[in-house]
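Observations on the three-dimensional arrangement
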Amino acid sequence: MAYLKPDKPEKVYVPALRAAKEKSEKLVCLTAYDYPTARIVDEAGVDIILVGDSMGNVIHGYGNTIPVSVEEILSATKAVKRGASRALLVADMPYGSYHTGDNKAVRNALKLMKYGGAEAVKLEGGRNRVDLVKRLVDEEIPVMAHIGLTPQSVHKLGGYRVQGKTTDDAKRLIEDAKRLEDAGAFAIVLELVPREVAAIITEELTISTVGIGAGTNCDIQVLVLHDLIGFTFGRQPRFVRQYANISGVITDAITRWMDDVRSGNYPAEAESYGLPEDVDAEELKASIPF
Ligand code: KIV
(Lines give C-alpha, C1' and ligand atoms only; values in the text may rest on other atoms or scores of the structure.)
Protein backbone atom coordinates (compact mmCIF):
# COMPACT_ATOMS: atom_id res chain seq x y z
CA MET A 1 0.00 0.00 0.00
CA ALA A 2 1.38 3.46 -0.85
CA TYR A 3 1.01 6.05 1.89
CA LEU A 4 3.22 8.74 0.38
CA LYS A 5 1.57 12.13 0.12
CA PRO A 6 2.45 13.37 -3.38
CA ASP A 7 2.09 16.99 -2.24
CA LYS A 8 4.87 16.60 0.37
CA PRO A 9 7.76 15.00 -1.46
CA GLU A 10 10.76 17.06 -0.37
CA LYS A 11 13.03 16.10 2.53
CA VAL A 12 12.54 18.22 5.66
CA TYR A 13 15.68 19.94 6.96
CA VAL A 14 16.00 22.23 9.98
CA PRO A 15 15.62 25.52 8.00
CA ALA A 16 12.23 24.32 6.72
CA LEU A 17 10.80 24.86 10.20
CA ARG A 18 11.53 28.58 10.20
CA ALA A 19 10.21 28.90 6.65
CA ALA A 20 6.97 27.17 7.73
CA LYS A 21 6.61 29.47 10.75
CA GLU A 22 7.07 32.53 8.56
CA LYS A 23 4.23 31.28 6.34
CA SER A 24 2.09 30.29 9.38
CA GLU A 25 2.12 26.74 8.04
CA LYS A 26 1.51 24.16 10.79
CA LEU A 27 3.88 21.21 10.93
CA VAL A 28 3.42 17.87 12.67
CA CYS A 29 5.74 15.66 14.66
CA LEU A 30 5.25 12.10 15.92
CA THR A 31 7.42 9.66 17.79
CA ALA A 32 8.69 6.40 16.31
CA TYR A 33 11.04 3.85 17.79
CA ASP A 34 11.34 1.17 15.11
CA TYR A 35 11.49 0.56 11.35
CA PRO A 36 7.82 -0.26 10.59
CA THR A 37 6.31 2.64 12.51
CA ALA A 38 8.96 4.98 11.08
CA ARG A 39 7.95 3.93 7.56
CA ILE A 40 4.27 4.40 8.24
CA VAL A 41 4.74 7.77 9.95
CA ASP A 42 7.13 9.03 7.25
CA GLU A 43 5.04 7.81 4.32
CA ALA A 44 1.92 9.34 5.90
CA GLY A 45 3.62 12.73 5.51
CA VAL A 46 4.61 13.61 9.09
CA ASP A 47 7.25 16.37 9.00
CA ILE A 48 9.38 15.49 12.04
CA ILE A 49 10.01 12.11 13.65
CA LEU A 50 11.18 12.12 17.24
CA VAL A 51 12.90 9.06 18.65
CA GLY A 52 11.63 10.06 22.06
CA ASP A 53 12.69 8.80 25.45
CA SER A 54 8.93 8.25 25.86
CA MET A 55 10.02 4.81 24.61
CA GLY A 56 10.66 4.18 28.33
CA ASN A 57 6.91 4.37 28.91
CA VAL A 58 5.44 2.98 25.74
CA ILE A 59 7.78 0.27 24.51
CA HIS A 60 10.03 -0.70 27.42
CA GLY A 61 7.42 -0.54 30.21
CA TYR A 62 9.79 1.26 32.62
CA GLY A 63 6.95 3.46 33.89
CA ASN A 64 8.92 6.66 33.18
CA THR A 65 11.76 7.95 31.02
CA ILE A 66 14.53 7.90 33.64
CA PRO A 67 16.04 4.45 32.86
CA VAL A 68 16.27 4.97 29.08
CA SER A 69 19.89 4.68 27.89
CA VAL A 70 21.87 6.19 25.01
CA GLU A 71 22.23 2.66 23.59
CA GLU A 72 18.43 2.21 23.52
CA ILE A 73 17.94 5.56 21.78
CA LEU A 74 20.83 4.83 19.40
CA SER A 75 19.50 1.43 18.38
CA ALA A 76 15.99 2.84 17.85
CA THR A 77 17.35 5.81 15.88
CA LYS A 78 19.21 3.47 13.52
CA ALA A 79 16.01 1.51 12.86
CA VAL A 80 13.93 4.66 12.39
CA LYS A 81 16.55 6.10 10.03
CA ARG A 82 16.19 3.02 7.82
CA GLY A 83 12.42 3.55 7.67
CA ALA A 84 12.23 7.33 7.23
CA SER A 85 13.36 9.27 4.20
CA ARG A 86 11.45 12.56 4.25
CA ALA A 87 10.88 13.60 7.86
CA LEU A 88 13.46 15.47 9.92
CA LEU A 89 14.86 12.90 12.34
CA VAL A 90 15.35 14.09 15.92
CA ALA A 91 16.81 11.83 18.62
CA ASP A 92 16.14 12.45 22.30
CA MET A 93 19.08 12.72 24.67
CA PRO A 94 18.10 10.45 27.54
CA TYR A 95 18.49 11.21 31.24
CA GLY A 96 22.16 11.06 32.25
CA SER A 97 23.51 11.55 28.73
CA TYR A 98 24.03 15.33 29.10
CA HIS A 99 24.14 15.81 32.85
CA THR A 100 27.77 15.07 33.67
CA GLY A 101 29.67 17.61 31.62
CA ASP A 102 29.42 19.27 28.24
CA ASN A 103 32.16 17.16 26.61
CA LYS A 104 30.31 13.97 27.49
CA ALA A 105 27.06 15.49 26.22
CA VAL A 106 28.70 16.42 22.92
CA ARG A 107 30.10 12.89 22.58
CA ASN A 108 26.66 11.35 23.17
CA ALA A 109 24.96 13.75 20.76
CA LEU A 110 27.61 13.04 18.11
CA LYS A 111 27.03 9.31 18.58
CA LEU A 112 23.31 9.76 17.86
CA MET A 113 24.08 11.76 14.73
CA LYS A 114 27.13 9.89 13.44
CA TYR A 115 26.03 6.30 14.09
CA GLY A 116 22.26 6.69 14.51
CA GLY A 117 21.63 9.02 11.60
CA ALA A 118 19.85 11.64 13.71
CA GLU A 119 19.68 15.07 12.12
CA ALA A 120 19.13 16.88 15.42
CA VAL A 121 18.92 16.11 19.12
CA LYS A 122 16.43 17.11 21.80
CA LEU A 123 17.21 17.79 25.43
CA GLU A 124 15.21 18.97 28.43
CA GLY A 125 15.75 22.06 30.55
CA GLY A 126 15.65 25.85 30.54
CA ARG A 127 18.28 28.41 31.52
CA ASN A 128 20.43 25.64 33.05
CA ARG A 129 21.00 24.22 29.53
CA VAL A 130 21.85 27.45 27.73
CA ASP A 131 25.65 26.92 27.73
CA LEU A 132 25.25 23.32 26.63
CA VAL A 133 22.91 24.28 23.78
CA LYS A 134 25.48 26.88 22.59
CA ARG A 135 28.24 24.28 22.72
CA LEU A 136 26.23 21.66 20.81
CA VAL A 137 25.25 24.18 18.15
CA ASP A 138 28.93 25.20 17.86
CA GLU A 139 29.69 21.55 17.13
CA GLU A 140 27.17 21.55 14.24
CA ILE A 141 24.50 19.71 16.22
CA PRO A 142 21.02 21.19 15.79
CA VAL A 143 19.19 21.29 19.12
CA MET A 144 15.50 21.09 19.89
CA ALA A 145 14.95 22.33 23.45
CA HIS A 146 12.17 21.15 25.78
CA ILE A 147 10.63 23.14 28.64
CA GLY A 148 7.43 23.10 30.74
CA LEU A 149 6.80 19.60 32.01
CA THR A 150 10.14 17.87 31.53
CA PRO A 151 9.53 14.18 32.26
CA GLN A 152 13.19 13.53 33.16
CA SER A 153 12.60 15.84 36.18
CA VAL A 154 9.56 13.86 37.37
CA HIS A 155 11.05 13.11 40.78
CA LYS A 156 12.04 16.74 41.39
CA LEU A 157 8.69 18.05 40.13
CA GLY A 158 6.74 15.42 42.08
CA GLY A 159 4.56 14.27 39.18
CA TYR A 160 3.31 15.14 35.73
CA ARG A 161 1.64 18.51 36.29
CA VAL A 162 0.91 21.57 34.19
CA GLN A 163 3.83 24.02 34.52
CA GLY A 164 3.84 27.83 34.35
CA LYS A 165 0.48 28.41 36.02
CA THR A 166 1.47 31.39 38.21
CA THR A 167 2.60 34.72 36.79
CA ASP A 168 6.13 34.16 38.11
CA ASP A 169 6.38 30.63 36.76
CA ALA A 170 4.96 31.68 33.41
CA LYS A 171 7.45 34.58 33.16
CA ARG A 172 10.28 32.19 33.96
CA LEU A 173 9.17 29.83 31.19
CA ILE A 174 8.94 32.69 28.70
CA GLU A 175 12.44 33.88 29.69
CA ASP A 176 13.81 30.33 29.43
CA ALA A 177 12.36 30.01 25.93
CA LYS A 178 13.97 33.30 24.87
CA ARG A 179 17.35 32.29 26.33
CA LEU A 180 17.25 28.92 24.57
CA GLU A 181 16.44 30.65 21.29
CA ASP A 182 19.37 33.04 21.83
CA ALA A 183 21.60 30.04 22.58
CA GLY A 184 20.84 28.67 19.11
CA ALA A 185 18.07 26.07 19.59
CA PHE A 186 16.11 25.66 16.34
CA ALA A 187 12.84 24.68 18.04
CA ILE A 188 11.45 24.27 21.51
CA VAL A 189 9.01 21.73 22.89
CA LEU A 190 6.42 23.20 25.24
CA GLU A 191 4.94 20.35 27.25
CA LEU A 192 1.93 20.78 29.53
CA VAL A 193 1.89 24.57 29.75
CA PRO A 194 -1.20 26.80 29.72
CA ARG A 195 -2.26 27.61 26.17
CA GLU A 196 -1.96 31.36 26.85
CA VAL A 197 1.69 30.97 27.89
CA ALA A 198 2.40 28.80 24.82
CA ALA A 199 0.77 31.47 22.64
CA ILE A 200 3.00 34.21 24.09
CA ILE A 201 6.14 32.12 23.60
CA THR A 202 5.13 31.22 20.04
CA GLU A 203 4.57 34.89 19.25
CA GLU A 204 7.75 36.12 20.92
CA LEU A 205 10.12 33.59 19.37
CA THR A 206 11.31 33.36 15.79
CA ILE A 207 12.06 29.64 16.25
CA SER A 208 9.24 27.10 16.17
CA THR A 209 7.35 25.95 19.23
CA VAL A 210 6.41 22.29 19.36
CA GLY A 211 3.35 21.86 21.55
CA ILE A 212 2.17 18.87 23.52
CA GLY A 213 -0.61 19.70 25.94
CA ALA A 214 0.05 23.36 25.17
CA GLY A 215 -2.94 24.40 23.06
CA THR A 216 -3.45 25.15 19.42
CA ASN A 217 -1.20 28.18 18.98
CA CYS A 218 2.10 26.33 18.80
CA ASP A 219 3.79 26.20 15.40
CA ILE A 220 4.09 22.42 15.49
CA GLN A 221 2.08 19.74 17.31
CA VAL A 222 3.74 16.60 18.65
CA LEU A 223 2.20 13.44 20.09
CA VAL A 224 3.49 10.06 21.14
CA LEU A 225 2.44 7.75 18.28
CA HIS A 226 1.33 4.98 20.64
CA ASP A 227 -1.07 7.39 22.41
CA LEU A 228 -2.56 8.56 19.10
CA ILE A 229 -3.18 5.02 17.82
CA GLY A 230 -4.39 3.52 21.12
CA PHE A 231 -1.44 1.21 21.69
CA THR A 232 -0.92 2.05 25.38
CA PHE A 233 -2.30 0.99 28.74
CA GLY A 234 -3.99 3.04 31.44
CA ARG A 235 -5.50 6.49 31.53
CA GLN A 236 -4.32 9.04 28.99
CA PRO A 237 -3.66 12.73 29.67
CA ARG A 238 -6.42 15.12 28.57
CA PHE A 239 -4.45 16.40 25.57
CA VAL A 240 -4.31 12.96 23.92
CA ARG A 241 -6.85 12.42 21.17
CA GLN A 242 -6.93 8.72 20.32
CA TYR A 243 -7.60 8.15 16.60
CA ALA A 244 -7.50 4.34 16.58
CA ASN A 245 -7.60 1.36 18.92
CA ILE A 246 -4.61 -0.67 17.80
CA SER A 247 -4.53 -2.68 21.05
CA GLY A 248 -8.10 -3.78 20.26
CA VAL A 249 -7.19 -4.63 16.65
CA ILE A 250 -4.23 -6.75 17.82
CA THR A 251 -6.24 -8.51 20.53
CA ASP A 252 -9.00 -9.28 18.04
CA ALA A 253 -6.52 -10.72 15.50
CA ILE A 254 -4.82 -12.89 18.14
CA THR A 255 -8.16 -14.13 19.52
CA ARG A 256 -9.42 -15.13 16.08
CA TRP A 257 -6.13 -16.91 15.27
CA MET A 258 -6.22 -18.81 18.58
CA ASP A 259 -9.83 -19.86 17.90
CA ASP A 260 -8.85 -21.06 14.41
CA VAL A 261 -5.88 -23.07 15.72
CA ARG A 262 -7.92 -24.64 18.52
CA SER A 263 -10.77 -25.56 16.17
CA GLY A 264 -8.44 -26.98 13.48
CA ASN A 265 -9.19 -24.17 11.02
CA TYR A 266 -5.61 -22.95 10.90
CA PRO A 267 -3.53 -23.65 8.92
CA ALA A 268 -5.69 -24.50 5.89
CA GLU A 269 -4.21 -26.74 3.19
CA ALA A 270 -3.36 -23.70 1.07
CA GLU A 271 -1.43 -22.30 4.03
CA SER A 272 0.92 -25.30 4.20
CA TYR A 273 3.28 -27.15 1.84
CA GLY A 274 2.85 -30.61 0.28
CA LEU A 275 5.38 -33.15 -0.94
CA PRO A 276 6.25 -32.94 -4.66
CA GLU A 277 4.14 -35.20 -6.90
CA ASP A 278 6.97 -37.71 -7.41
CA VAL A 279 7.23 -38.41 -3.66
CA ASP A 280 4.51 -40.70 -2.31
CA ALA A 281 3.64 -40.13 1.36
CA GLU A 282 2.55 -43.76 1.89
CA GLU A 283 5.78 -45.09 0.41
CA LEU A 284 7.74 -42.65 2.51
CA LYS A 285 5.98 -43.88 5.64
CA ALA A 286 6.56 -47.51 4.74
CA SER A 287 10.26 -46.86 4.16
CA ILE A 288 10.86 -45.71 7.69
CA PRO A 289 12.48 -48.56 9.61
CA PHE A 290 10.91 -47.88 13.06
O1 KIV B 1 9.97 11.61 24.56
C2 KIV B 1 9.05 12.13 23.90
O3 KIV B 1 8.31 11.46 23.18
C4 KIV B 1 8.88 13.56 24.02
C5 KIV B 1 7.69 14.18 23.37
C6 KIV B 1 6.47 13.83 24.10
C7 KIV B 1 7.86 15.63 23.16
O8 KIV B 1 9.66 14.20 24.64
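Given the structure is predicted, the values throughout are model-derived calculations rather than measurements. (Residues numbered from 1 in each chain as written. Predicted model: local features only at pLDDT ≥ 70, side-chain atom pairs only at ≥ 80, totals over all residues. Heavy atoms only, no water.)

Neighbouring the ligand are the residues T31, L50, G52, D53, S54, D92, K122, H146, V189, I212 and V224. Separating an oxygen atom of the ligand from a side-chain N or O atom of S54 is a distance of 2.5 Å. In isolation the ligand exposes 260 Å². Once the protein is present, 95% of that is buried. Of the residues that constitute the shell around the ligand, the class distribution is four nonpolar, four polar and three charged. (Near = heavy atom within 4 Å. Polar contact = N/O pair within 3.5 Å; in protein donor to acceptor, adjacent residues only side chain to side chain. Areas by Shrake-Rupley, 256 points an atom, 1.4 Å probe, with all protein chains shown as cover. Nonpolar A, V, L, I, M, F, W, Y, C, P; charged D, E, K, R; others polar.)

When we look at burial in helix α9 (residues 195-204), the residues that qualify are V197, A198, I201 and T202. Seen end-on, α9 carries its buried residues on one side only, within an arc spanning 135 degrees. Residues R195, E203 and E204 are exposed on α9 and point more than 90 degrees away from its buried face. Each element contacted by the buried residues of α9 is listed here: α1 (15-22), β5 (143-148), α8 (167-183), β6 (187-191) and β7 (208-212). (Buried < 20%, exposed > 50% of the residue type's maximum accessible area, 1.4 Å probe, protein only. Helix = DSSP H or I, 4+ residues; strand = E, 2+ residues; numbered from the N terminus. Arc of directions from axis to C-beta. Contact = heavy atoms within 4.5 Å.)

Further remarks concern the pattern of salt bridges. Side chains that carry opposite charge are capable of pairing whenever their charged atoms lie near each other. Considering all chains together, one arrives at 14 salt bridges under this definition. Where E43 meets R39, a salt bridge forms, and the shortest distance between an N and an O atom there is 2.9 Å. Taken together, the residues span about one helical turn, with E43 and R39 both in helix α2 (residues 35-44) at a distance of four residues. E43 sits in the buried class, given a relative accessible area of 17%. Relative accessible area serves as the criterion here: at 36%, R39 is assigned to the partly exposed category. For E181, the salt bridge identified is with K178, shortest N-O distance 3.0 Å. Taken together, the residues E181 and K178, both in helix α8 and three residues apart, mark about one turn of the helix. Overall, the relative accessible area of 35% leaves K178 in the partly exposed class. (Salt bridge = Lys/Arg side-chain N within 4 Å of Asp/Glu carboxyl O.)

Another point: the sheet that holds strand β3 (residues 88-92). Around the barrel, eight strands lie side by side as β1-β2-β3-β4-β5-β6-β7-β8; this closed barrel has parallel pairing. Neighbouring strand axes in the sheet, compared pairwise and without regard to direction, differ in orientation by 25 degrees on average. Examined bridge by bridge, β3 and strand β4 (residues 120-122) share three bridges and lie parallel to one another. Pairing of V90 across the sheet is with A120, part of β4. Packing against the sheet, α1 makes contact with β1 (27-31), β2 (48-51), β3, β6, β7 and β8 (220-223), and its axis sits at approximately 85 degrees to β7. (Pairing = 2+ DSSP bridges. Axes fitted to C-alpha atoms, helices over the stretch in contact; angles between N-to-C directions.)

With 13 residues, helix α5 (residues 102-114) extends 18 Å from end C-alpha to end C-alpha; this agrees with the ideal 18 Å at 1.5 Å per step. Buried within α5 are the following residues: A105, V106, N108, A109 and L112. Buried residues of α5, viewed axially, fall in a sector of 165 degrees; they line one side. Set apart from the buried face of α5 by more than 90 degrees, the exposed residues are R107 and K114. Tucked inside the fold, the buried residues of α5 contact α4 (70-83), β3, β4 and α6 (130-138). (Expected span 1.5 Å × (residues − 1).)

In short, shape yes, function no, at least from these values alone.
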